[in-house]
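# Tertiary structure, described
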Amino acid sequence: MLQGRIALVTGASRGIGAEVARRLSAAGASVAINYNRSAESAESLRQELEAVGGRTLAIRADVSDRDDLTAMVESVESQLGPIDILVNNAGFVRDRLLLRMSLEDWNAVWETDFGGAAWLATHLLPGMTERKWGRIVNLGSIVGIAGNAGQANYASAKGALMGLTADLATSVAEQGVTVNCVAPGYIDTDATAAIEPQYREAWLDQIPMRRWGTVEEVAAVVEFLAGPGAAYITGQTIVVDGGLLAGRALKG
Ligand code: NAP
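This report concerns the structure included in the present document. Predicted, not measured: the structure shown is a model, and the values here were computed from it. (Residues numbered from 1 in each chain as written. Predicted model: local features only at pLDDT ≥ 70, side-chain atom pairs only at ≥ 80, totals over all residues. Heavy atoms only, no water.)

## Thoughts on the pattern of salt bridges
A complete count under the given rule lists 15 salt bridges for this structure. A salt bridge links D188 to R200; the shortest N-O distance between them is 3.0 Å. Taken together, the positions of D188 in the loop between β6 (177-184) and α7 (190-193) and R200 in helix α8 (residues 197-206) put the pair 12 residues apart, joining distant regions of the chain. Taking relative accessible area as the criterion, R200 reaches 21% and is therefore assigned partly exposed. The network of salt bridges with shared partners includes R94, R96, E104 and D105. (Salt bridge = Lys/Arg side-chain N within 4 Å of Asp/Glu carboxyl O. Helix = DSSP H or I, 4+ residues; strand = E, 2+ residues; numbered from the N terminus. Buried < 20%, exposed > 50% of the residue type's maximum accessible area, 1.4 Å probe, protein only.)

Have a look at this one:
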């Protein structure tokens, strides 16, 4: 399905990104596994994918650092080929109540969750449009739609990513390139493992499906958006949240 395609997945050493890398590789794409600090996990994923015939590369780059991004793109394209599929997955949170949020807290989250994704998209789009095929999938969040007290930096960065998705999509639609976003709700990963049990219980009550999502359930949507079945879908944000946002809307 994705044979001959080259994919770059940011933040693929763990969690949702690692599962996306697995699925794109299983679908036939050559996959660059980006990581920042988790070198061992990225290397172990690379070995796992190569053991079943995948063509992969593990590559370190801090997505908030433009020099790292430039070097990463050059390295991936020289070793695997021109990038056809970009999955902007790397992200992190630094939660604080708004009144206590420093400029550094804002910038750190914005530079990673929005800045790196925007830089990669704008630098890879010219090649994709020239080759008349490309897929960009951004990882947003339901927090970027509904907000969440203590996450103003993260909510605004993810909200901006959804706006960027719609804007870029309309700019490149005629050239065979689609740009979409996947907005997960509460998914079981390292990022959410540290949440205290009483909060987890309270959130479960709000989720109509009464369970957290899995990385597989998010990665399946990313794979679909990267594949031929989604050729006529662009500029969309697909929410994967077990009904959480719909349930909140009904409760008013
Ligand atoms: P996770 O388990 O915490 O993993 C985060 C990944 O991002 C790691 O591979 C990490 O790499 C990478 N990363 C973080 N900062 C980076 C940087 N500066 N440069 C390069 N890579 C960096 O996260 P996750 O839960 O899988 O989340 C993945 C994406 O989905 C994020 O964008 C997140 O905001 C979004 N999301 C998650 C949830 C959820 O409930 N889990 C909900 C909504 C949205 P290293 O470890 O190598 O540094």
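## Some thoughts on the sheet that holds strand β1 (residues 6-9)
Across the sheet, which stays open at both edges, the seven strands sit in the order β3-β2-β1-β4-β5-β6-β7 with parallel pairing between neighbours. Because the sheet does not close on itself, it has two edges, and the strands there are β3 (56-60) and β7 (237-240). Pairwise comparison of adjacent strand axes, ignoring direction, gives a mean angle of 15° for this sheet. Relative to β3, strand β2 (residues 30-35) runs parallel, the two sharing five bridges. From the neighbouring strand, V31 faces β3, where its bridge partner is T56. Running at roughly 170° to β3, helix α2 (residues 39-51) makes contact with β2 and β3 of the sheet. Seen against the sheet, helix α9 (residues 215-226) touches β4 (85-88), β5 (134-139), β6 and β7 and runs at an angle of roughly 170° to β6. (Pairing = 2+ DSSP bridges. Axes fitted to C-alpha atoms, helices over the stretch in contact; angles between N-to-C directions. Contact = heavy atoms within 4.5 Å.)

## A short note on unusual backbone geometry
Residues other than glycine seldom take positive phi values, yet K132 does so here, at roughly 60°. Residue position: K132 is located in the loop between α4 (103-131) and β5. Even without being glycine, R210 reaches a positive phi, approximately 55°. Within the element layout of this structure, R210 appears in the loop between α8 and α9.

## Some details on the environment of P126
Mapped onto the elements of the fold, P126 is located in helix α4. Along the sequence, P126 and V172 sit 46 residues apart, while their C-alpha atoms lie 9.3 Å from each other.

Keep in mind these numbers describe shape, not what the thing actually does.
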